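Descriptive analysis of the structure
Read off the chains here:
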Amino acid sequence: MTEAATAPAPRTLWARRITDGVEPKNVIIVLLPLLGGLRYGWKGIAWAAFAALFAAVIPTLFIQRAMRRGTVGDRHVGHRQSRLTVLPFIMGSVAIAFAVMLWLAAPADLTALVAAMFASLIPILVITVWWKVSVHTAVTSGAVVCLAIALGPWWLALSPLVAVVGWSRTVLRDHTTAQTVVGTVVGALSAGLTFWLAR
């Protein structure tokens, strides 16, 4: 078999790049300082870094440790049952960040954003008990809606990115189209409504 015959198709390569590049932790790491910096300047960026530690960095380290132990198969936690272990840990980590930010009177929009992250994980966890809803599209759609609420409706221009992420997940056969659509709706509604009420 030739190298050309075994090489992934261009659409698969692009799907992998998008899936890896716009994975939830990367979206969170960009979203927090973007919102924090635009709304509160350097103080907001500092608090954003703190929130990102608990919402993205620590969960990533947990997943990497689980991969080394063989309890998680890949960085995106493709196995549904494994997600039932990973998601509660992430929720606990995010809850710690929220409690500290609330206690120390962190900037309102950043605290509300962390609350929105936690809130969106609740329906995701419930659905994951019986169906592998897309966390990629949930996080991306939630990020777009929260940016639009905080900074203005023109940020909804980023909405096509959610569709592109969903496309990548289906091309790689990590999710069905329905799973990416449900993830989009769950993320946008749960994160958006919580952020709007909490800020």
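What comes next is a walk through the structure. (Residues numbered from 1 in each chain as written. Predicted model: local features only at pLDDT ≥ 70, side-chain atom pairs only at ≥ 80, totals over all residues. Heavy atoms only, no water.)

Some points on the overall build of the protein
Let me state the cut-off plainly: Helix and strand assignments come from DSSP, with helices taken as H or I runs of at least 4 residues and strands as E runs of at least 2, each series counted from the N terminus. The quantity called the radius of gyration is restricted to C-alpha atoms. Its globule counterpart is 2.2 Å times the number of residues to the power 0.38. Type-normalised accessible area, obtained with a 1.4 Å probe on protein chains alone, sets the label of each residue: buried when under 20%, exposed when over 50%, and partly exposed for intermediate values. What makes two residues a contact is simply this: any of their non-hydrogen atoms within 4.5 Å. Using a 1.4 Å probe, accessible areas were evaluated by the Shrake-Rupley method; residue-level cover was limited to the displayed protein chains.
Within the protein, the regular secondary structure consists of nine helices and zero strands. In sequence order, the secondary structure elements of the protein are arranged as α-α-α-α-α-α-α-α-α. Here the protein has a C-alpha radius of gyration of 17 Å; the compact-globule value for 199 residues is 16 Å, and the two agree. Across its three principal directions, the C-alpha atoms of the protein cover 60 × 40 × 30 Å. Taken over 199 residues, the protein has a buried fraction of 46%. Across the protein, the fraction of contacts at a sequence separation of at least 24, relative to all contacts at a separation of at least 6, is 76%. Within the structure as shown, the protein displays about 9900 Å² of accessible surface, and the carbon and sulfur contribution to it stands at 71%.

Comments concerning the nonpolar core
For soluble globular proteins, the rule of thumb is that nonpolar side chains tend to be buried together. Heads up, the rule is: Residues enter a nonpolar core if they are buried and are Ala, Val, Leu, Ile, Met, Phe, Trp, Tyr or Cys, with the set joined through side-chain atoms within 4.5 Å.
The biggest cluster of nonpolar side chains holds 48 residues, and the ones touching the most others in it are Leu32, Met101, Leu113, Met117, Ile124 and Phe195. At the level of secondary structure, the elements contributing two or more residues to this core comprise helix H3 (24–40), helix H4 (42–69), helix H5 (80–103), helix H6 (108–128), helix H7 (135–151) and helix H9 (177–198). With residues near it in sequence (within four places) discarded, Leu113 still touches Leu31, Leu32, Leu35, Cys146 and Phe195.

Re the packing of H6 against H9
When two helices pack together, their arrangement is given by the angle between the helix axes and the distance between those axes. For clarity, the threshold we go by: Orientation is described by lines fitted to C-alpha atoms, with helices fitted over the stretch in contact, and by angles between N-to-C directions that extend from 0 to 180 degrees. Take the far helix as the reference: if the near one is turned anticlockwise from it by less than a right angle, the crossing is left-handed, and if turned clockwise, right-handed. Three classes are used, and their members are as follows: Ala, Val, Leu, Ile, Met, Phe, Trp, Tyr, Cys and Pro are nonpolar, Asp, Glu, Lys and Arg are charged, and the others, Gly among them, are polar.
Between H6 and H9, the shortest axis-to-axis distance is 8 Å and the interhelical angle comes to 145°. By crossing handedness, the relation of H6 to H9 is classed as right-handed. Contacts from Asp109, Ala112, Leu113, Ala115, Ala116, Ala119, Ser120, Pro123, Ile124 and Ile127 of H6 reach H9 at Val182, Val186, Ser190, Ala191, Thr194, Phe195 and Ala198. Partitioned by chemical class, the residues of the contact of H6 with H9 number 13 nonpolar, three polar and one charged.

A closer look at the pattern of salt bridges
When charged atoms on two side chains of opposite charge get close, those side chains can pair. Condition: A carboxyl oxygen of Asp or Glu within 4 Å of a side-chain nitrogen of Lys or Arg is what we treat as a salt bridge.
Under the counting rule described, the total for this entry stands at seven salt bridges. Between Arg16 and Asp20 there is a salt bridge; the shortest N-O distance is 3.5 Å. Placement of both Arg16 and Asp20 in helix H2 (residues 10–21) is noted, with a separation of four residues, approximately one turn of the helix. Among the ionic pairs, Glu23 bridges to Arg75, the shortest N-O distance being 2.3 Å. Remark: Arg75 occurs in the loop between H4 and H5 and Glu23 occurs in the loop between H2 and H3; sequence separation between them is 52 residues. Overall, the relative accessible area of 4% leaves Glu23 in the buried class. Bridged by salt links that share partners, the residues Arg16, Asp20, Glu23, Lys25 and Arg75 form one connected network.

Looking at the packing of aromatic side chains
Keep this limit in mind: Only Phe, Tyr and Trp rings are paired, with Trp represented by its six-membered ring, and only when their centres lie within 6.5 Å; those with planes under 30 degrees apart are stacked, over 60 edge-to-face, the remainder tilted.
Applying the stated rule across the entire model yields four aromatic pairs. Where Trp47 meets Phe50, the ring centres are 5.7 Å apart and the plane angle is 85°; that geometry is what we call edge-to-face. Of the two residues, Trp47 and Phe50 are both situated in helix H4; the distance of three residues between them amounts to about one turn of the helix. Exposure remark for Trp47: the relative accessible area of 16% places this residue in the buried category.

As for H2
The cut-off we apply is this: Given a helix with a known number of residues, its expected span is that number minus one, times 1.5 Å.
Here H2 contains twelve residues, and its C-alpha end-to-end distance of 16 Å stays within 8% of the 16 Å for a straight helix at 1.5 Å per residue. For H2, the complete set of buried residues consists of Ala15, Ile18, Thr19 and Asp20. Contact partners of the buried residues in H2: H3, H7 and helix H8 (159–171).

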